[in-house]
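The lines below spell out each chain.
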Amino acid sequence: MKRKRDMEIESTEIRSAIQELSMLQLLKVQPEEAEAEDDHHNITTIPTLPFLSISTLVLQVLDKIGPTMAVLRQDIYQNIQRLEKIHDSDPSLYSNMVEILKKEVNEGKERKGPSCTKAVLWLTRSLDFSLALLQLLVEDIERNMEQAVQESYTNTLKPWHGWISSAAFKVIFFFSSLFFQHYS
């Protein structure tokens, strides 16, 4: 009886998280008219603080899944910190993600080291992974967590990971499966 109630509570929390993560689509502002000197004619801006807020929700979702998501959680947290730091340096200038990305492109830093451009890219991919995972769990609350994580990874993050990252995921996933078996 208690397990069924716990599953209902988890289902409600998962549905709530999906709704909040889906809000990212609502954050997109209509394309702006580009200035004459700008090469881009349709720029979609995403407000920085709401994007970071939604990204932070992913951390809470991963915390609910458990310690098996610690590596992904740490990566997301570092990316959020990187973007918060630049936003906080000039909140009015960096109120949207486009300005942050433009700054790095103009400085030629978008592909070098731990850039904000990479942070945005990987945060977006992490949001895709989290949303895919939550949708699988809502579709079937009885679904095996291991299978849901594996399927979500395969469909969202794996295409972007090189062989080293994929191998690391396999090792982490192996230990995760032991955790899931022990606590299921």
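Above: the structure in question.
Visitor: How do you make sense of the overall build of the protein when you look at a structure like this?
Guide: The helix and strand inventory of the protein stands at 7 helices and 2 strands. Going residue by residue from the N terminus, the α and β elements of the protein occur as α-β-β-α-α-α-α-α-α. Counting across all 184 residues of the protein, residues that qualify as buried make up 37%. Excluding contacts between residues fewer than 6 apart, the proportion of contacts in the protein whose partners are at least 24 apart in sequence is 58%. Carbon and sulfur atoms make up 55% of the accessible area of the protein, which totals about 11500 Å².

Visitor: What is the right way to read the packing of helix α2 (residues 48–65) against helix α3 (residues 70–89) from this model?
Guide: Helix-helix packing: each pair is described by the crossing angle between the helix axes and the interaxial distance. For the pair α2 and α3, the least separation of the axes is 10 Å and the interaxial angle reads 160°. If you check the angle between α2 and α3, you find them roughly antiparallel. Once α2 is placed against α3, the crossing between them reads as left-handed. Contacts between α2 and α3 involve T48, L49, F51, L52, S55, T56, V58, L59, L62 and D63 from the first element and L72, R73, I76, Y77, I80, L83, E84 and H87 from the second. Residue composition of the contact of α2 with α3, grouped by class: 11 nonpolar, 4 polar and 3 charged.

Visitor: Please clarify how helix α6 (residues 145–156) should be interpreted in this entry.
Guide: Compared with an ideal rise of 1.5 Å per residue, which puts 12 residues at 16 Å, α6 spans 16 Å between its outermost C-alpha atoms and is within 8% of the ideal. If you check which residues of α6 are buried, you get E146, A148, V149, S152, Y153 and T156. Projected down its long axis, α6 shows its buried positions confined to an angular sector of 165°, all on one face. Away from the buried face of α6 by more than 90 degrees, exposed residues Q147 and N155 are located.

Visitor: What am I meant to see in the environment of L72 here?
Guide: Note on placement: L72 falls in helix α3. Setting aside chain neighbours within four positions, we find L72 in contact with L62, S126, F129 and L157.

Visitor: Looking at this model, I keep getting lost on the nonpolar core. Mind explaining?
Guide: The nonpolar side chains of a soluble globular protein tend to be buried, and buried together. F51, I76, L83 and F129 are the most contacted members of the largest nonpolar core, which has 30 residues in total. Sorting the residues of this core by element identifies α2, α3, α4 (97–107), α5 (116–139) and α6 as the ones contributing at least two each. Take this core: its biggest share by element is 9 residues, from α5. Excluding residues within four positions of it along the chain, L83 makes contact with F51, L52, M97, I100, C116, A119, V120 and L123.

Visitor: Quick question: what am I supposed to make of α3 here?
Guide: Along an α-helix, residues three or four apart share an orientation, since each turn contains 3.6 residues. Under the 1.5 Å per step criterion, the end-to-end length of α3 is 29 Å for 20 residues, consistent within 8% with the ideal 28 Å. Turning to α3, its buried residues number three or more, namely L72, I76, N79, I80, L83, I86 and H87. Down the axis of α3, the buried side of the element spans an arc of 130°, and every buried residue falls inside it. Away from its buried face by more than 90 degrees, α3 exposes V71, K85, D88 and S89. Lining the buried residues of α3 we find α2, α4 and α5.

Visitor: Is there a simple way to think about the packing of α3 against α5 in this case?
Guide: At a closest axis distance of 9 Å, the pairing of α3 and α5 adopts a crossing angle of 135°. As summarised for this structure, α3 and α5 are arranged oblique, according to the angle between their axes. Handedness of the α3/α5 crossing: left-handed. Residues L72, D75, I76, N79, I80, R82, L83 and I86 of α3 form the contact with α5, whose participating residues are C116, A119, V120, W122, L123, S126 and F129. Per-class residue counts for the contact of α3 with α5 are 11 nonpolar, 2 polar and 2 charged.

Visitor: Would you take a moment to explain the packing of aromatic side chains for this structure?
Guide: Remark: the centre distance and the inter-plane angle together describe each pair of aromatic rings, the angle taken between the planes. The final tally for this structure, using the stated rule, is 0 aromatic pairs. Taking NZ or CZ as reference, R125 lies 4.6 Å from the ring centre of W122, over its face.

Rules behind the numbers
- Residues numbered from 1 in each chain as written.
- Predicted model: local features only at pLDDT ≥ 70, side-chain atom pairs only at ≥ 80, totals over all residues.
- Heavy atoms only, no water.
- Helix = DSSP H or I, 4+ residues; strand = E, 2+ residues; numbered from the N terminus.
- Buried < 20%, exposed > 50% of the residue type's maximum accessible area, 1.4 Å probe, protein only.
- Contact = heavy atoms within 4.5 Å.
- Areas by Shrake-Rupley, 256 points an atom, 1.4 Å probe, with all protein chains shown as cover.
- Axes fitted to C-alpha atoms, helices over the stretch in contact; angles between N-to-C directions.
- Parallel < 35°, antiparallel > 145°, perpendicular 65-115°, else oblique.
- Left-handed = near helix turned anticlockwise from the far one by under 90°.
- Nonpolar A, V, L, I, M, F, W, Y, C, P; charged D, E, K, R; others polar.
- Expected span 1.5 Å × (residues − 1).
- Arc of directions from axis to C-beta.
- Core = buried A, V, L, I, M, F, W, Y, C linked by side-chain atoms within 4.5 Å.
- Phe/Tyr/Trp six-rings, centres within 6.5 Å; stacked < 30°, edge-to-face > 60°.
- Lys NZ or Arg CZ within 6 Å of the ring centre and 35° of its normal.

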